[in-house]
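# Secondary and tertiary structure notes
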Amino acid sequence: MLVARGCDVMGGPEPRPGTWRSLVQRKLKGEKYPKCLPSFPLIGSLLSLRSNLAPHLHFQNLQKTHGNLFSLMMGPRYVVVINNYQYAKEVLIKKGKIFAGRPSLVSMDLLSRDGKGIAFASYSPTWRFHRKLVHSNLYLCGNGLESLEELICKEVSSICTMLEQFVDVPLDLMTEVTRMVTNVISMLCFNSSYEKGDPEFQKILDYSEGIVDTVGKDKLMDLFSWLQYFPNEDIQTLKRSIAVRDSILQKKLEEHKANYNSESINDLLDSLLKAQENLKNNNSPIPRPHLTDDHLMMTVADIFGAGAETTSTSIAWIILYLLHYPQVQTKIQEEIENNIGYERPPNISDRSNLHFLNATISETLRSQPVAPLLIPHVALADTSIGGYTIPKDSQVIINVWAIHHDEKEWESPETFDPTRFLDTEGKYVHSPSPSFLPFGAGIRACVGEVLTKMQLFLFIATFLQHFTVEVPAGHQLVGLNGKFGIVLQPEKFKVQLKSRKAWKDCVS
């Protein structure tokens, strides 16, 4: 018969850090631990995690009885769940390096070739080196943000021109939006882009959907790695999707190697190849970061895949909220008309005047954080959170959803209200509460935050300058619950575009 242990179990050999036995031995020394969900041998707290709710919502419910900081056993792993910003910022900022590890989970290890790249790699000299290379390539090459704005505006203008052909008919807008976002990332990573109907782009859409729908979904497989060797539809879908992704990336890598010129660096992959070449020619006895082809491919995969997926998902949520709240759309369009007009497209300097648009973007990111649980962190040493002991190797989950819906920090948090990001004079306030963490924080904050914010602003501003978006006649308005996966996506929906008369009169 199973007996609940509250994370306690005794006996056996010298325990590994972060396991039941090690926790009990430390508790006997008087150390203070977060309140733990009932746990059983082998299965841990699995019975307490059963719920029809998505994990971020279930953790939010458990917060009511177990507090802002509680723990559980995911199989053999000790896990701490954080549901308020004070504890989150202690983990992300104050003790960012201590909590900069990543767990080894079956789905994430498959996706990242055993923790290579940036998103799923633990903190190390190699990780720091790759992140620095990515940041330099995204924001410091050429004319920096000026060149980046020019690239984004070109893609935004192209999609808005193309969308004129589909006015007044039901349209799956997000396919073309994803192509626009993908082209920006593809130019940065590979100095190439995709035309409408490109078969390789369709492969990207297909494999991205397979990854989003499976990574982190099968908790049992991630808890008990041996389950991956049994028939499992999700794991097969994930492996097929990764194989398609890797075939595309391998082709890009081979093309770049064939055309590589150290005097002509055009994109992120070129920069990584140059760094690889420099390391090979460096005979220094100082330990060097790893830059195998696998490392290069996984770093590019993180930027190319995650960057496109998260940004396009954020745009999807913004569009869906405009459908649910047409008065918000009208107010943004009035703001664009009063501050920009129709004789020129919006540019990034207009952010200082489009306060309500900025507020709407931020309120969408608060209401529907794309990564509601972030990527789990791991403690790299014995430490503490809020005075509670956190052993080395503990996994830490930060529930951004609960933090963004905390009634102590946000008035009526379930209500979509862009004005909460405006001051009494109607000026945009970046963060009316310190609990606003859509991109995480600290050393593991999203490296593409600046790029994503630029794309969201420039696309929505230009799109609403051209069009009004409506629910097509005969179509049901999709709800706001979303579909949980490695990112939180809205259900698929169609829109109907109306060309704005003022815009048409200006350009005709």
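This section reports on the structure supplied with the text. (Residues numbered from 1 in each chain as written. Predicted model: local features only at pLDDT ≥ 70, side-chain atom pairs only at ≥ 80, totals over all residues. Heavy atoms only, no water.)

## Description of the overall build of the protein chain
- The helix and strand tally for the protein chain stands at 17 helices and 10 strands.
- With 508 residues in all, the protein chain has 54% of them scored as buried.
- Across the protein chain, the fraction of contacts at a sequence separation of at least 24, relative to all contacts at a separation of at least 6, is 73%.
- For the protein chain, the accessible surface area stands at approximately 22800 Å², while carbon and sulfur atoms represent 52% of it. (Helix = DSSP H or I, 4+ residues; strand = E, 2+ residues; numbered from the N terminus. Buried < 20%, exposed > 50% of the residue type's maximum accessible area, 1.4 Å probe, protein only. Contact = heavy atoms within 4.5 Å. Areas by Shrake-Rupley, 256 points an atom, 1.4 Å probe, with all protein chains shown as cover.)

## A short note on the environment of Thr-65
- For Thr-65, the position within the fold is in helix H2 (residues 55–66).
- Judged by its relative accessible area of 53%, Thr-65 is exposed.
- Here His-66 takes part through its side chain, which lies 2.9 Å from a polar atom of the side chain of Thr-65. (Polar contact = N/O pair within 3.5 Å; in protein donor to acceptor, adjacent residues only side chain to side chain.)

## Quick word on the packing of aromatic side chains
- As enumerated under the stated definition, the model contains 13 aromatic pairs in all.
- With a centroid separation of 5.3 Å and an interplanar angle of 20°, the aromatic rings of Phe-459 and Phe-463 are classed as stacked. Within this pair, Phe-459 and its partner Phe-463 are both found in helix H16 (residues 449–466), separated by 4 residues, close to a single helical turn.
- Phe-463 gets classed as buried once you look at its relative accessible area, which sits at 0%.
- Geometrically, the ring pair formed by Phe-463 and Phe-467 is tilted, given 5.6 Å between the ring centres and 45° between the ring planes. There is no split in this pair, since Phe-463 and Phe-467 are both buried.
- Put simply, the rings of Trp-317, Tyr-321, Tyr-325 and Phe-416 pair up and form one aromatic cluster.
- Here the guanidinium or amino end of Lys-32 rests over the ring plane of Tyr-388, the centre of that ring lying 4.5 Å away.
- A cation over an aromatic ring shows up here: Arg-366 above the ring of Trp-410, its NZ or CZ 5.4 Å from the ring centre. (Phe/Tyr/Trp six-rings, centres within 6.5 Å; stacked < 30°, edge-to-face > 60°. Lys NZ or Arg CZ within 6 Å of the ring centre and 35° of its normal.)

## Section: the sheet that holds strand S5 (residues 377–378)
- Taken in spatial order, the 5 strands make up an open sheet running S1-S2-S3-S8-S5, and their pairing is mixed. Unpaired on one side and paired on the other, strand S1 (35–36) and S5 mark the two borders of the sheet.
- With 4 bridges connecting them, strand S3 (residues 77–82) and strand S8 (residues 395–398) associate as parallel partners. Note on S8: the bridge partner recorded for Ile-82 is Ile-398. (Pairing = 2+ DSSP bridges.)

## Quick look at the packing of helix H7 (residues 173–190) against helix H12 (residues 293–324)
- Packing of H7 against H12 brings their axes to within 9 Å, and their N-to-C directions diverge by 150°. Of the possible angle classes, the one that applies to H7 and H12 is roughly antiparallel. When the axes of H7 and H12 are compared, the crossing they make is right-handed. Contacts between H7 and H12 pair Leu-173, Met-174, Val-177, Thr-178, Met-180, Val-181, Thr-182, Ile-185, Ser-186, Cys-189 and Phe-190 from the former with Val-300, Ile-303, Phe-304, Gly-307, Ala-308, Thr-311, Ser-312, Ile-315, Ala-316 and Ile-319 from the latter. (Axes fitted to C-alpha atoms, helices over the stretch in contact; angles between N-to-C directions. Parallel < 35°, antiparallel > 145°, perpendicular 65-115°, else oblique. Left-handed = near helix turned anticlockwise from the far one by under 90°.)

## Notes on the sheet that holds strand S4 (residues 170–171)
- The sheet built from 3 strands is open, its strands ordered S4-S10-S9 with antiparallel pairing. The sheet is open, and its two borders are formed by S4 and strand S9 (467–470), each paired with just one other strand.
- By the bridge criterion, 2 bridges tie S4 to strand S10 (residues 495–499) in an arrangement that is antiparallel. Its bridge partner being in S10, Pro-170 is matched across the sheet by Gln-496.
- On top of the sheet, H12 reaches S9 and S10; it is set at about 75° to S9, its chief contact.

## Re helix H10 (residues 233–258)
- Between the first and last C-alpha of H10 there are 38 Å, a value that for 26 residues agrees with the 38 Å anticipated at 1.5 Å per step.
- Those residues of H10 that fall on the buried side of the exposure criterion are Ile-235, Leu-238, Ser-241, Ile-242, Arg-245, Asp-246, Ile-248, Leu-249, Lys-252, Leu-253 and His-256. (Expected span 1.5 Å × (residues − 1).)

## Quick notes on the nonpolar core
- In terms of nonpolar packing, the biggest core is built from 104 residues, with Leu-163, Val-177, Ile-315, Ile-319, Phe-459, Phe-463 and Phe-493 touching the most fellow members.
- Tallying contributions element by element places H12 first for this core, with 17 residues. (Core = buried A, V, L, I, M, F, W, Y, C linked by side-chain atoms within 4.5 Å.)

## Structural notes on the side chain of His-56
- For His-56, the position within the fold is in helix H2.
- Here His-56 falls in the buried class, since its relative accessible area comes to 2%.
- Beyond its immediate sequence surroundings of up to four residues, His-56 is in contact with Pro-372, Leu-373, Asn-399, Trp-401, Phe-484 and Leu-488.

## Remarks on the packing of helix H11 (residues 268–280) against H12
- The N-to-C vectors of H11 and H12 enclose an angle of 155°; their axes lie 10 Å apart at closest approach. With respect to H12, the element H11 is oriented roughly antiparallel. When you trace H11 past H12, the crossing you get is right-handed. Note on element contacts: H12 touches H11 through Asp-293, Leu-296, Thr-299, Val-300 and Ile-303, opposite Leu-268, Leu-269, Leu-272, Leu-273 and Gln-276.
- Taken together, the residues of the contact of H11 with H12 sort by class into 7 nonpolar, 2 polar and 1 charged. (Nonpolar A, V, L, I, M, F, W, Y, C, P; charged D, E, K, R; others polar.)

## Remarks on the pattern of salt bridges
- Under the defined criterion, the tally for this structure stands at 16 salt bridges.
- The partner of Asp-293 in a salt bridge is Lys-257, and the shortest N-O contact between them spans 2.6 Å. Of this pair, Asp-293 sits in helix H12 while Lys-257 sits in helix H10; the two residues are 36 residues apart in sequence, bridging distant segments of the chain.
- Accessibility expressed as a relative area gives 27% for Asp-293, which makes it partly exposed. (Salt bridge = Lys/Arg side-chain N within 4 Å of Asp/Glu carboxyl O.)

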